[in-house]
Amino acid sequence: MKKNYFKKAVALAGAAAFAIGLAGCAAEEEAVVAPTTGDTAVVAEDLTIAFVMGAESDPFFQAMKLGAEEEAAAQGVTLIWQGDPSNYSPETQIPIVDAVLAQQPDGLVLIPTDPTALQASVAKAVAAGIAVANVDTRVGDLSDVLTFITGDNEDGGAKAAEAIANAIGYADGETYEVVIGLTSATATTNVARKEGFEATIAANYPGINIVDVAYSESNPEKAATNVNNWLTKYPDLDGIFAIDGTNASGAAAALESKGLVGQVALVGYDAYPDNVAKIEAGIFTALIAQDPAAEARLAIQTLVDYLRNGTAPANAEVVIPNVTLDANTSAADLVKYTYVAN
Amino acid sequence: MSSSQQPNLRLERFKAVAGNQNSILLSVLIALAIVFTLAEPKFFSVATAGNILTDWGSIVLLAAGQTLVIISGGIDLSVGGTLAISGVTSAWVMSTVLGFDITTSGSDAYPPLLVGGLVAIGTGLLVGLVNAILITKLRIVPFVATLSTMGATLGFAIIISNGMPIGGPNDFSLISPINPTWMPLSWAVIGVIIVVTAVGLFLHKSRFGLHTYAIGSNSFAARAAGINVERHLTKVYALAGALAGLAGFYVYLRLGAGSPSSGVMRELDAIAAVVIGGASLMGGIGRMMGTIIGALILFTVQSGLIMAGVAPDWKKVVVAVLIAAAVAAQTLRPQNRAR
Amino acid sequence: MKEVIYEVKGVSKRYGSVVALDGASLKLHAGEVVGLVGDNGAGKSTLVKVLSGAHMPDGGQIELDGKQVSWSSPREALNAGIETLYQDSGLAPHLTVSKNVFLGREITKRGLLGKLGFLDSKAMEEKAHSELERVGIAVPASNRSVSQLSGGQRQAVAIGRAVAWARKVIILDEPTNHLGARQAGEVLQVIKEAKKKGLGVIFISHTLPHVLEVTDRIVVLRLGKVVRDAPTSEFTGDTLVGTITGTIQTIPEEDA
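Residues numbered from 1 in each chain as written. Chains lettered and ligands numbered in written order. Predicted model: local features only at pLDDT ≥ 70, side-chain atom pairs only at ≥ 80, totals over all residues.

**Section: the sheet that holds strand S7 (residues 169–173) of chain C**
Residue and element names in this part refer to chain C. Strand order across the open sheet formed by six strands is S6-S7-S8-S3-S9-S10, with mixed pairing between neighbours. The sheet is open, and its two borders are formed by strand S6 (82–85) and strand S10 (225–231), each paired with just one other strand. Going across the sheet, the axis of each strand differs from the next one's by a mean of 15 degrees, ignoring polarity. Helix-sheet contacts for helix H1 (residues 44–52) involve strand S3 (33–38), S6, S7, strand S8 (200–204) and strand S9 (217–222), and the interaxial angle to S7 is about 155 degrees. Where helix H9 (residues 237–245) meets the sheet, it contacts S3, S9 and S10, and its direction lies at approximately 30 degrees from that of S9. (Pairing = 2+ DSSP bridges. Helix = DSSP H or I, 4+ residues; strand = E, 2+ residues; numbered from the N terminus. Axes fitted to C-alpha atoms, helices over the stretch in contact; angles between N-to-C directions. Contact = placed C-beta atoms within 7 Å.)

**Digging into the sheet that holds strand S5 (residues 67–69) of chain C**
All names here are of chain C. If you trace the four strands from one edge of the open sheet to the other, you get S2-S1-S4-S5, paired in antiparallel fashion. Here the strands that pair on one side only, and so sit at the sheet edges, are strand S2 (18–29) and S5. Shown here is a sheet whose adjacent strand axes are inclined to one another by a mean of 25 degrees, direction ignored. Relative to S2, strand S1 (residues 4–15) runs antiparallel, the two sharing nine bridges. Within the sheet, the bridge partner assigned to Glu7 lies in S2 and is Lys27. Lying on the sheet, H1 is in contact with S1 and S2; it crosses S1 at an angle near 125 degrees.

**Focus on the interface of chain B and chain A**
If you look at the interface, chain B gives 35 residues, while chain A gives 34 residues. Elements represented by at least two residues in the side of chain B that touches chain A include exactly helix H3 (46–71), helix H6 (142–161), helix H10 (229–255) and helix H12 (288–308) of chain B. Broken down by element, the residue count for the side of chain B that touches chain A peaks at five residues, all from H3 of chain B. Of the residues that constitute the side of chain B that touches chain A, the class distribution is 15 nonpolar, 16 polar and four charged. (Nonpolar A, V, L, I, M, F, W, Y, C, P; charged D, E, K, R; others polar.)

**As for the pairing of strand S2 (residues 78–84) of chain A**
All names here are of chain A. Relative to S2, strand S1 (residues 48–55) runs parallel, the two being bridged by six bridges. Among the inter-strand pairings, Ile49 is bridged to a residue of S2, identified as Leu79. A crossover connection joins S1 to the parallel S2 through helix H2 (residues 59–75); in handedness this β-α-β unit is right-handed. (Right-handed = clockwise from strand over helix to strand, strands pointing away.)

**A closer look at the interface of chain B and chain C**
Contacts between the two partners involve 23 residues from chain B, matched on the other side by 24 residues from chain C. Sort the elements by how many residues they give to the side of chain B that touches chain C and helix H8 (residues 207–217) of chain B lands first, with six residues. Partitioned by chemical class, the residues of the side of chain B that touches chain C number 13 nonpolar, six polar and four charged.

The quantities given are spatial measurements derived from coordinates; they are silent on function.
Below, the structure written as structure tokens:
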């Protein structure tokens, strides 16, 4: 008998908590005025901008959140920040977009997790009179999208190639061995960075051979394993390009544990605070940092300008350049570009 | 015993050793090593052995706990998540709470590392106890109960860490082979071997182990013999959690950071090692040595494929074949046919 | 007549809406073999579980040696000297004979190792086989699991275990199931030996000739109630069947 009561009590408490949570979500501030399209200025200043990103767990998006919140505060608009806690996928993102649209925001910044699957959501938003921007990734058909702001992954790969060539002291006529540590074989960010890297190597540094690539599936331990095995297989390895933050963390740890810091050039991607600190220690030759905060700021600014003044942006597609953080970067800049969360 | 029975005993003993699961596993391990060395001669080196053992260290701790759980007739899907949250909590305590960051290295790091290790084990133990309560008090089946703890621990790990690794004090020499020329074991791996051996001894030689087998074999018989099944299972899941916590600390030593993404899917590697090692998911069957060799096989395959330059997706195929073979061998064994 | 060593008075047990036992009473004397019979669903297995401590009754009393007791787990009944052979054994198939015999009462090594729970397998091996031999069960010495024995051998081990450990009462639930005539005969012999030793034996069986052969008294259950409790000599094969199926009218036993 006691067991039944206990189970019922737990279920009731859970249901109550759920109900309270739902009520709290529903009681969000609503947009005061519905947006209008065309040239007429919006009557009231109180705008709501919704921001649906990829996955909360990715520090890239957390840094973006800071920029979004800053800009929303500066512009005096209400920000609705949403997205899946850890799953970067259209299956979880589409219902979230639907829920957000039901709150009738004036503008929507969307980071589509898939270019075709989210096209319908964009159309839905536009049909409801909501202005839409894409950041980082885009939907296939941008004709209804006000602006598309992204970092340049190919450029990032190219900059990484430059950094590695520099670090190993590239000289014509010599041969060198490097490897690439990727997270996934299909993520467009990975693919673009790899292609940019390979293109620059082929064009400017033909003496460098990319002898191997391996995947770590966002797990830094796997990245460390890959590096361990490479170091055994290629005792003369000159450089490693770690294509994202988790891969870079694992690669750095592997080098440290083998005592090869400084003997193998390591170029990483994404400015995780711990990895940035390792630049000074010489563990990282360079880190390619994106500027997710700037991307978010520009997106919100563009939307607000359009909603308040009706001005369309000068460039529909904006590419925010990457920054190479290395031993020569000033301390101030290091702080500026490090991905920081709340 | 009559003399005519003596030669039969010798033959029986030979058959027992040759057909012994462990002998078969060792042969598979050696065969794989030979194949990979042929593909890439550098595979046969102290460095490779060191790489394999370094990878093996964290999973074999998970697999040791999983062996007990599976023998008892249950399953624990939460060990990967426990690994993650233990490592993250440990890193958080050492760096944020105690104030040691990544600049603390070498033997200076030992005091905070000691605290961090205890925090990691304690966190794992707590998760294990939560599992135990869900399973023994709320009567939720282990699959469902540990599936939900898995989600909760992974989620909390991300929340505590904001999704990024938390760096802290470390001494990387603990995780590197003691002497790269001839000693592939690191101090961390030696510690792991001691722990796993102790758990194995308890499993095979103690009352605790016997009761675990009994519950998995026939929980009614265990209860009828006077064993408090709920209390025993609580100990089993708590131990599995504590071992997962220790594994989380091992991964911390490897990365110099508590990483929230380090636990994802690791429970599947642990279960694969246990199944390849000869345990049955029905309960009642399994040996620690089998798990140990099973885990070694997994990472020999992983390293071998990387060294041989084979696409990593082949690892999944090889592991799937090994698991299928292990399960088939399980089903064909004589004691299972007589049932 | 020897003293009453084990007694249940008016026990009831229901599972959900199903009434398994409805005020059943049973007395067992030392050195006595009581047969417990009844059709399927009469409540025999439930009564066994109440007697062995596996289930707690909803109502009624249990008395051991005249004192009221209450079993909250099988462990308590075992400690009091009551051994039970359940239907479908109650052996762990993956464990060896000796481990099964000593399950729950293992012999540990001496000293520190013993305190940690390390087992003395050799001692258990030796003792298990000598104890089983003592009660008339010969099982081949081996390291193989119990599942590799034949059905008859498994049953023999289970019975031998119960008899070897029993100090007061043995409850045997369908011990001759799956056994051939010769082996069944051996089981009946074991029961007679136990009776000679002064243990109280409760013998549940569908095989009425066995019940008539080896018991002193027969208790018939129908729909959770005791409908007849009389010396074996008062039954014939036909009247026994009739009482079980209800074709022979009975006067319900009054509570003692």
